[in-house]
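Now for the letters of each chain:
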Amino acid sequence: MNKKNRDSVRLSPREKHYCILGRRNFLQMLSLGFTGRIGIPGTGALANPSSIPLFREVAAEVGLKFDHFAGTTGQYYMPEIMGAGVALFDYDNDGDLDVYLVQGTMLDPTQDPRRARFSPPPGWKPGNRLFRNLLSETGKLRFVDVTEKAGIGHVGYGMGVAVGDYDNDGFQDLYVTNFGHNVLYHNNGDGTFTDVTVQAGVDDPRWSTSAAWVDYDRDGRLDLFVANYLDFTVKGNKQCYASTGERDYCTPKMYQPVPARLFHNRGDGTFEDVTEAAGIGASIGPGLGVVCADFNSDGWPDIYVANDGAAAHLWINQQNGTFKERGLSSGTAYNAEGAPQAGMGVAAGDFDGDGDDDIFKTNLTNEGCNLYVNDGHGNFNDESAEFGLIQPTFPYTGFGTEWFDYDNDGHLDLFIANGAVNRIESLRGSPYPFNQNNQLFRNESGGRKFREMTGVAGPALALSEVSRGAAFGDINNDGAIDIVVANNNGPVRLLLNQTRSLNRNHWLLVRLEAAGGNRFAIGARVEVRLRGRNLLRRAHTDGSYLSASDIRVHFGLGEDTKIEKLIANWPDGRCEEWDRLEVDRMVTIRQGTGRSLMVEG
């Protein structure tokens with residue numbers, strides 16, 4: 001029989017670090033820990049003197065009632081433990097964020113869901129669900145299920161979702177990935193969607209995971225990158241076992257990886273599969289997380305893919321419609337010891353304020369995360385130990401994640417959605433022994449270290465569940481970023497940010513409107529200049545794991561009350577600036593209305 005042990009913890013964190021990181025790194029981490037630069041998991045970090053929690057879980061309270069159904073049967077089919085994702089997007093353009101949740105089903109369509117090991121709760125409805133936010137019309141945060149009216153309740157074994165306006169009509173569309181056929185929903189602009197998968201030519205019948213909309217050739221039309229995972233089939237399911245002899249989920253090494261896909265937007269509602277022509281087919285890996293950004297500062301979007309148990313891929317845009325895989329040479333393929341890891345979720349952002357996007361990647365229990373620090377030219381160094389992130393993430397399997405400024409102090413913080421993929425020995429006897437706590441890290445000292453805030457964040461971060469996807473956005477338009485967490489085989493969670501009641505920090509939320517294509521300006525880099533510091537952020541919906549976040553660009557401003565300039569580097573290469581912007585506002589920035597700037601180089 002096949003034995004493996006992806007999640008169970010046998011050695012202490014310090015012993016495991018010694019085994020995996022080597023003596024030199026182990027001693028370095030010990031010295032950092034003794035000097036207080038690395039927090040011990042569970043210590044919680046800075047005390048929160050207020051009784052107000054950093055986040056409050058309000059999903060059921062505001063009508064966001066959804067339970068993920070994995071369709072588990074006791075056969076330990078791998079797709080059961082991997083889903084699912086969530087999207088935050090304003091589908092009806094009414095100024096507030098709506099929620100789309102991806103659902104599972106029985107892998108054997110002939111079986112009754114009530115015969116699953118964990119049957120659906122009363123009132124459960126099959127298929128993906130769309131919840132409309134009533135904030136803009138009622139003034140109160142409240143959601144209503146509009147799935148049937150919108151025509152967007154695909155029933156399949158759902159995995160992830162990507163958001164982008166592929167036809168530039170001003171309404172955001174959805175691409176839904178599945179274990180099985182994928183679906184492209186065109187937003188009709190009247191509250192309804194149409195399944196246009198066949199005519200658009202973007203289906204993939206294999207096991208797709210994360211997807212990303214990206215205008216890789218800068219022609220003003222969003223193209224589509226789709227990560228694929230393994231060649232798993234129900235009929236070919238392998239039997240794997242935990243060290244205790246109990247049945248368990250297999251590792252990805254038991255199956256062959258499946259190539260990713262790149263679809264080029266023709267501009268007429270159809271797409272061309274350019275996977276081979278663009279060079280994406282040159283390297284294959286079991287892809288899970290995807291994020292697109294200009295990592296080498298040449299003005300063209302690149303693509304980073306977290307592969308599970310294999311070297312990560314960094315696809316560098318060659319500016320001629322092709323890519324070259326540069327994971328190894330860039331320093332982003334492996335960890336600091338040169339070993340591959342079980343990459344799950346990814347995030348790109350300028351956490352250290354030096355003007356380039358750095359990469360954060362979540363991994364399996366006993367591996368710790370990766371923090372790849374960018375030198376500005378697309379060369380990276382894994383500094384997760386130096387920044388105090390390896391030790392606290394070591395006991396967890398991370399999935400959804402994002403750089404976001406939860407306390408509006410101007411520094412990008414981190415959230416990680418955790419949940420095991422193999423039995424946890426300490427939970428032996430539990431009906432679903434995969435629960436783990438999610439984690440929150442605060443960026444301190446201007447991007448020089450991180451402090452874990454999980455223990456003092458409140459009851460919302462004390463929940464122990466099997467979390468997967470996570471989407472980020474200001475869901476109640478109060479200037480603070482909230483989080484929607486999609487749990488595997490459990491309820492959705494809405495973590496409402498309460499920090500506006502805890503500090504007086506200021507903020508700015510920017511909605512971009514590009515001219516001549518790529519209407520929502522996916523890939524734009526926005527810079528806010530304050531007295532003594534500059535903040536760089538990116539317009540994007542991708543990243544995390546199987547999920548899509550708010551396209552609006554959020555800036556925490558700290559105590560600054562004056563914005564000297566806002567500079568938009570548009571996806572087409574043009575650059576403009578604006579001044580006289582007020583703080584604590586949501587603003588719309590339209591291309592062509594600012595002062596044009598010359599772009600260096």
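My aim in this report is to walk through the structure given alongside it, one point at a time. Please read all numbers here as calculations on a predicted model, not as lab measurements.

What counts as what
- For every chain, the first residue of the written sequence is number 1, and numbering continues from 1 along that sequence.
- Residues qualify for local features only when their pLDDT is at least 70, as the model is predicted, and side-chain atom pairs are given and counted only at 80 or more; totals for whole chains, interfaces and linings, by contrast, use all residues.
- For the side-chain quantities, the full set of heavy atoms in the structure was used; hydrogens and water were omitted.
- Only runs of H or I of at least four residues qualify as helices and only runs of E of at least two qualify as strands under DSSP, and these elements are numbered from the N terminus.
- Residues count as neighbours in contact if any of their non-hydrogen atoms are within 4.5 Å of one another.
- For this analysis, a ring pair means two rings from Phe, Tyr or Trp (six-membered ring only for Trp) whose centres lie within 6.5 Å, classed as stacked if their planes differ by under 30 degrees, edge-to-face if by over 60, and tilted for the remaining angles.
- Look at NZ for Lys and CZ for Arg. If either is within 6 Å of the ring centre and within 35 degrees of the ring normal, a charge sits over the ring.
- Each residue gets one of three labels from its accessible area relative to the maximum for its type: buried under 20%, exposed over 50%, partly exposed in between, using a 1.4 Å probe on protein chains only.
- A pair of strands is labelled paired if DSSP reports no fewer than 2 bridges between them.
- Here a cavity denotes a set of grid points, spaced 1 Å apart and computed over the protein atoms alone, in which a 1.4 Å probe fits but from which it cannot get out, and a pocket denotes an open set meeting protein on both sides within 12 Å along at least five of seven lines; residues with an atom within 4 Å of a point are reported as lining.
- Grid points are joined across faces, edges and corners, and a volume is the space filled by probe spheres set on the points.
- Each residue receives one of three labels: charged for Asp, Glu, Lys and Arg, nonpolar for Ala, Val, Leu, Ile, Met, Phe, Trp, Tyr, Cys and Pro, and polar for the others, Gly being one of them.
- Where each domain starts and ends comes from a domain assignment, either automatic or drawn from a database.

Locating Thr72 in the fold gives a position in the loop between strand S2 (55-57) and strand S3 (86-89). Along the sequence, Thr72 and Asn335 sit 263 residues apart, while their C-alpha atoms lie 33 Å from each other. Those residues in contact with Thr72, other than ones at most four positions away along the chain, are Glu80, Ala116, Arg117, Phe118, Tyr249 and Tyr432.

Moving on: the packing of aromatic side chains. For the structure shown, the criterion picks out 30 aromatic pairs. Where Phe89 meets Tyr91, the ring centres are 6.3 Å apart and the plane angle is 45 degrees; that geometry is what we call tilted. Here the aromatic rings of Phe404 and Tyr406 are separated by 6.3 Å at their centres, their planes lie at 45 degrees, and the arrangement is tilted. Of the aromatic side chains, those joined through ring pairs into one cluster are Tyr77, Phe179, Trp207, Tyr229, Phe232 and Tyr255. Its guanidinium or amino end placed over the ring of Tyr241, Arg247 lies 6.0 Å from that ring's centre, counting from NZ or CZ. The ring of Phe399 carries Arg468 above its face, with NZ or CZ at 4.1 Å from the centroid.

Right, let's get into the pairing of strand S15 (residues 261-265). With five of five residues buried, S15 lies mostly within the body of the structure. Burial of the side chains of S15 extends over both faces: Arg261, Phe263 and Asn265 are buried on one face and Leu262 and His264 on the other. Pairing between strand S12 (residues 223-228) and S15: three bridges, direction antiparallel. Among the inter-strand pairings, Leu224 is bridged to a residue of S15, identified as Phe263. Here S15 runs beside strand S16 (residues 271-273); their pairing, made up of three bridges, is antiparallel. Within S16, the position partnered with Asn265 by the bridge is Phe271. From the end of S15 to the start of S16, which pair antiparallel, there are five residues, and Gly267 there has a positive phi angle of about 95 degrees.

A few words on the layout of surface pockets. Within this model, the largest pocket holds a volume of roughly 1000 Å³. In this structure, the largest pocket is lined by 39 residues; those nearest its centre are Asp294, Gly299, Arg525, Asn569 and Val599. Counting residues per element, the ones that place at least two in the lining of the largest pocket are strand S11 (208-214), strand S17 (287-293), strand S36 (525-530), strand S37 (533-538) and strand S39 (565-569). The greatest single-element share of the lining of the largest pocket, amounting to four residues, is contributed by S37. Considering only residue class, the lining of the largest pocket consists of 18 nonpolar, ten polar and eleven charged. When residues of the lining of the largest pocket are assigned to domains, at least three fall in each of domain 1 (58-504) and domain 2 (507-596).

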